[in-house]
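Fold and contact review
In case you want the letters, here they are:
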Amino acid sequence: MPLDRLSQIYPPNYYSFTASEGESLALRIKKLLDDRSFKSLTKRLAGDTLSALDVGGGNGWILNGLKVADPRIKHTAVVDIDPGAEASARASGHEYYLTTIEGLETDRQFDLILMLNLLEHVPNPVAVLKKAWRLLKPGGLIWIKTPNFDSLDARIFKNRSWGGLHTPRHFVLFTKQSLMRHCEANGFKILGCNYTQGAPFWTVSAINELRLLGLAEVSAHRPSLENPLTPFFHLAFAAFDFIRMPFSKTSQVNIYLTLPIVD
């Protein structure tokens, strides 16, 4: 794990550092799906005033959508290692912790913690789960999304360039079963766990195949996600995954966790 080279493997043009709420068709569809997910999630939470923490949340654009979906979300915070995102996050009203979640020092606890495509990036997922356990209010919720190493595309591209490997940034990968096992072993109650679409992984894998054929350029200055085919691949592979999701293991897993309230 190249832990001493984080500034190199996460350069300024890394996609999550430059993420925005753009107006492409793929992003508009994603926003609609996110909004539905947020509403479904926060309706489980009681209270007139709620707080949310996004781990690896960049400039807070996901939290922006969360606050729109549920106006009860009053206090929001981001934990991220990107110094360039801090000003934008604070301008949107989010507290910003420029650190890793393992290094976060705060007495505050949160009603909702988001760890979307985060757990695979850390060297010790168990340490992150333990820290999240301390940051979550009893009765609160955690939403984790992470790659599924036991998916069709993982099997097809595992010896080539599966997007879910995201080399060299994904350090630890799970299956649905191993993710559930780790969460339960660290004191969480699982409210639900399901497969979800993994269009970005399919897209990166497909563009790499085009690269091998000499039909696409992929470099540090032109990442595969900047290829003009990316939005079309995203839509096509998302549709493919949604069609087969009821009977197949797709390449991402959602898990929803809580801490039971003890009287």
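Before going into details, it helps to say that this report is about the structure given with it. (Residues numbered from 1 in each chain as written. Predicted model: local features only at pLDDT ≥ 70, side-chain atom pairs only at ≥ 80, totals over all residues. Heavy atoms only, no water.)

1. A look at a nonpolar patch on the surface
Where we set the bar: Nonpolar side chains (Val, Leu, Ile, Met, Phe, Trp, Tyr) are joined into patches within 5 Å and like charges within 9 Å, using only residues with over 30% relative accessible area and no salt bridge. All accessible-area figures derive from a Shrake-Rupley calculation using a 1.4 Å probe, and residue coverage is judged against the displayed protein chains alone. Think of a salt bridge as a Lys or Arg side-chain nitrogen and an Asp or Glu carboxyl oxygen that are within 4 Å of each other. Relative accessibility under 20% of the residue-type maximum defines a buried residue, over 50% an exposed one, and the middle range a partly exposed one, all with a 1.4 Å probe and only protein chains included.
Taken together, Met-1, Leu-3, Leu-6 and Ile-81 make up a surface patch of nonpolar side chains, about 340 Å² in accessible area. Under the relative-accessibility criterion, Ile-81 is labelled partly exposed at 37%.

2. Focus on the pattern of salt bridges
Defined as follows: Here a helix means four or more residues in a row that DSSP labels H or I, a strand means two or more in a row labelled E, and each is numbered from the N terminus.
Per the counting criterion, the structure on display carries seven salt bridges. Note that Arg-90 and Glu-86 form a salt bridge whose closest N and O atoms lie 3.0 Å from each other. Taken together, the residues span about one helical turn, with Arg-90 and Glu-86 both in helix H4 (residues 86-91) at a distance of four residues. In this structure, the salt-bridge partner of Asp-111 is Lys-137, at a minimum N-O distance of 3.4 Å. One end of the pair, Asp-111, is in strand E4 (residues 110-116); the other, Lys-137, is in strand E5 (residues 136-147), with 26 residues separating them in the sequence. When its relative accessible area of 30% is taken as the criterion, Lys-137 is described as partly exposed. A cluster of three or more residues bridged by salt bridges with shared partners is formed by Asp-150, Arg-155 and Lys-249.

3. Concerning the environment of Leu-152
For clarity, the threshold we go by: Residues are treated as being in contact if the distance between any of their heavy atoms lies within 4.5 Å.
Relative to the helices and strands, Leu-152 resides in helix H6 (residues 152-157). Sequence spacing of Leu-152 and Ala-52 is 100 residues, and the spatial spacing of their C-alpha atoms is 34 Å. Among residues more than four places away in sequence, those in contact with Leu-152 are Trp-202, Phe-240, Arg-244 and Lys-249.

4. What about the environment of Asn-194?
Tracing the sequence through the fold places Asn-194 in strand E6 (residues 189-196). Put simply, Asn-194 and Ser-151 are 43 residues apart on the chain and 13 Å apart in space, counted from C-alpha to C-alpha. With residues near it in sequence (within four places) discarded, Asn-194 still touches Lys-176, Gln-252, Val-253, Asn-254 and Tyr-256.

5. Quick look at helix H8 (residues 199-212)
Residues separated by three or four positions in an α-helix point in the same direction, a consequence of the helix having 3.6 residues per turn. For clarity, the cut-off: Multiplying 1.5 Å by the residue count of a helix minus one yields the expected span of that helix.
For H8, with 14 residues, the first-to-last C-alpha span of 20 Å sits near the 20 Å given by 1.5 Å per residue. Considered for burial, the residues of H8 that qualify are Ala-199, Phe-201, Trp-202, Thr-203, Ser-205, Ala-206, Ile-207, Asn-208 and Glu-209. Buried residues belonging to H8 abut E5, H6, helix H9 (230-244) and strand E7 (252-258). Gly-214 sits one or two positions beyond H8 and adopts a positive phi of about 80 degrees.

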